[in-house]
Amino acid sequence: MHSANGRIQSVYNANGHKPKVELIPYGENLEREFWQIDFDENTIFLKLLNTYSLVTREFVRIYDFPQ
């Protein structure tokens, strides 16, 4: 993952019973993030759970690499 501060390395933990994933970054002063996952036919929707602000991400499947 890349951020304004450079590259951040992390691992993830998928919940086996709920549509949630936990992102666990390496390093100091970095907090774990918990995201709710929803799927559509060609889209993955993520909603950040451990915040007071609404933060969402949407990833749409592509079938060809961009030129």
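Refer to the preceding data block for the structure.
Let me begin by describing the structure that accompanies this report. (Residues numbered from 1 in each chain as written. Predicted model: local features only at pLDDT ≥ 70, side-chain atom pairs only at ≥ 80, totals over all residues. Heavy atoms only, no water.)

Describing the sheet that holds strand β6 (residues 43-48)
Then, number 1: Spatially, β3-β4-β5-β6-β7 is the arrangement adopted by the five strands of the open sheet, whose pairing is antiparallel. Every other strand in the sheet has two partners, leaving β3 (10-14) and β7 (56-60) as the edge strands with one partner each. Strand-to-strand twist in this sheet, taken as the mean axis angle between neighbours without regard to direction, amounts to 25 degrees.
Then, number 2: As paired elements, strand β4 (residues 20-25) and strand β5 (residues 33-39) share four bridges and run antiparallel to each other. If you follow K20 over to β5, its bridge partner there is Q36. (Pairing = 2+ DSSP bridges. Helix = DSSP H or I, 4+ residues; strand = E, 2+ residues; numbered from the N terminus. Axes fitted to C-alpha atoms, helices over the stretch in contact; angles between N-to-C directions.)

Regarding the environment of T43
Then, number 1: For T43, the position within the fold is in strand β6.
Then, number 2: Spatially, the C-alpha atom of T43 lies 6.8 Å from that of E58, the residues being 15 residues apart in sequence.
Then, number 3: Non-local contacts of T43, meaning those with residues more than four positions away in its chain, are made with D38, E58, F59 and V60. (Contact = heavy atoms within 4.5 Å.)

Read these as spatial facts, not as claims about activity.
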